[in-house]
Amino acid sequence: MRIALNQISSSADPAENLATIRTHVAAAAAEGARIVHFPEAAQCRFGVPLTPIAEPLDGPWATAVQEIADEHNVVVVAGMFTPGIDGRVSNTTLVTGNGLHLGYDKIHLFDAFGFRESDNVTPGDKPVTFSVDGTTFGLATCYDVRFPELFRALAETAPVILLGASWGAGPGKAAQWDLLIRARALDATSWVLACGQADPSADHGSAPTGIGRSAVIDPLGTVRAQLGGAPGTILSDVDIPLVDEARAMLPVLANRRL
């Protein structure tokens, strides 16, 4: 199955970001992509008030993404913000197109490295999967990558895990990202397709607005493709049967005791 990872640099304008999504979906569909993946916060970057931005899954922004996906006969996966509780928002991954329209609310909130996502975001409480052409896909968002138990839970049914991110910059953070995405692929013996926000080359304070380094990692932890910091696209033909081969060779899911 061909999957496109679109490493973009979101602005604070959802309409502008929607136009970017439209352009990238058309290009990916023309190249035969079945799923077109965008990063966390594709609707609007971090570093601005998010409550005025948040819309429900049946609101105009998500509906417009659904129309784009249906127009090009693809499934679009993109980060957005939906209304939460207590004036906060939910950090939601939208999955839409081809009869799908659902969201995953980020479970693990980025209260680390001096940033407190939980001040503005309501956490999700359950893993989410979806199916395209008979293959099940799991969803994870950014800080989730530090929690292997989520990836193992997704791996029970999902041979491919789509990870969207807007990774915070800082000393050692790029190396941690590279390590973590490979480790989670090995933990799950699943493909991990990690799509991050590009490095914006701008100072947005302490807001995590991306470092790039989107990557495709196979079930044995090998990096099949990776971008640098600039905007770009990876088109990846994901070999689903390789997951069964990897799990036969390295049966960590079957051998676990805890």
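In what follows, the accompanying structure is described. Here the structure is a predicted model, which means the values were calculated and not measured.

## Examining the pairing of strand S14 (residues 223-226)
Working note: regular strand, side chains alternate between the two faces of the sheet.
Next, step 1: Inspection of the sheet shows strand S13 (residues 215-217) paired to S14 by 3 bridges, in the antiparallel sense. Within the sheet, the bridge partner assigned to Val216 lies in S14 and is Ala225.
Next, step 2: Remark: 5 residues form the turn of the hairpin made by S13 and S14, two consecutive strands paired antiparallel; Gly221 in that turn has positive phi of roughly 85°.

## Thoughts on the pattern of salt bridges
Next, step 1: Within the structure shown, the criterion is met by 10 salt bridges.
Next, step 2: Between Glu156 and Arg256 there is a salt bridge, and its shortest N-O distance comes to 2.0 Å. Of the two residues, Glu156 is situated in the loop between helix H3 (148-155) and strand S11 (160-165) and Arg256 in the segment after helix H6 (252-255); the sequence distance between them amounts to 100 residues.
Next, step 3: Owing to a relative accessible area of 52%, Glu156 belongs among the exposed residues under this scheme.
Next, step 4: Residue classification places Arg256 among the partly exposed residues on the basis of a relative accessible area of 34%.
Next, step 5: Through salt bridges that share partners, Glu40, Lys106 and Glu117 make up one connected network.

## What to know about the nonpolar core
Next, step 1: Ile35, Phe130, Phe151, Leu162 and Leu193 are the most contacted members of the largest nonpolar core, which totals 47 residues.
Next, step 2: Beyond its immediate stretch of four places on either side in the chain, Phe151 contacts Ala140, Asp144, Val145, Ile161, Leu163, Arg184, Ala188 and Val192.
Next, step 3: Listed in part, the 21 residues of the second largest apolar core include Ile8, Ala28, Phe38 and Val76.

## Remarks on the state of the cysteines
Working definition: the covalent bond between the sulfur atoms of two cysteines is a disulfide.
Next, step 1: By the definition in use, this model includes 0 disulfides.
Next, step 2: Between Cys44, a cysteine without a disulfide, and Cys142, which holds the nearest cysteine sulfur, the sulfur-to-sulfur distance is 15 Å.
Next, step 3: Cys142 supplies the cysteine sulfur nearest to Cys195, a cysteine that is in no disulfide, at a spacing of 12 Å.

## A look at unusual backbone geometry
Next, step 1: The backbone of Asn98 sits at a positive phi, close to 55°, despite the residue not being glycine.
Next, step 2: Using a relative accessible area of 29% as the deciding quantity, one classes Asn98 as partly exposed.

## What to know about the packing of aromatic side chains
Next, step 1: Counted by the stated rule, this structure contains 8 aromatic pairs.
Next, step 2: Members of the aromatic cluster, joined through ring pairs, are Phe46, Phe81, Phe110, Phe113, Phe115, Tyr143 and Phe147.
Next, step 3: Over the aromatic face of Phe113 sits the side chain of Lys173, whose NZ or CZ is 4.6 Å from the ring centroid.

## Examining the environment of Leu162
Next, step 1: Inspection of the secondary structure assignment puts Leu162 in strand S11.
Next, step 2: The sequence separation of Leu162 and Ser206 amounts to 44 residues, and the corresponding C-alpha distance is 26 Å.
Next, step 3: Setting aside chain neighbours within four positions, we find Leu162 in contact with Ile35, His37, Val77, Phe130, Phe137, Gly138, Leu139, Ala140 and Leu193.

Here is what the cut-offs are and how they apply
- Residues numbered from 1 in each chain as written.
- Predicted model: local features only at pLDDT ≥ 70, side-chain atom pairs only at ≥ 80, totals over all residues.
- Heavy atoms only, no water.
- Pairing = 2+ DSSP bridges.
- Helix = DSSP H or I, 4+ residues; strand = E, 2+ residues; numbered from the N terminus.
- Salt bridge = Lys/Arg side-chain N within 4 Å of Asp/Glu carboxyl O.
- Buried < 20%, exposed > 50% of the residue type's maximum accessible area, 1.4 Å probe, protein only.
- Core = buried A, V, L, I, M, F, W, Y, C linked by side-chain atoms within 4.5 Å.
- Contact = heavy atoms within 4.5 Å.
- Disulfide = S-S within 2.5 Å.
- Phe/Tyr/Trp six-rings, centres within 6.5 Å; stacked < 30°, edge-to-face > 60°.
- Lys NZ or Arg CZ within 6 Å of the ring centre and 35° of its normal.

Interpretation note: all reported values are geometric properties and have no functional meaning in isolation.
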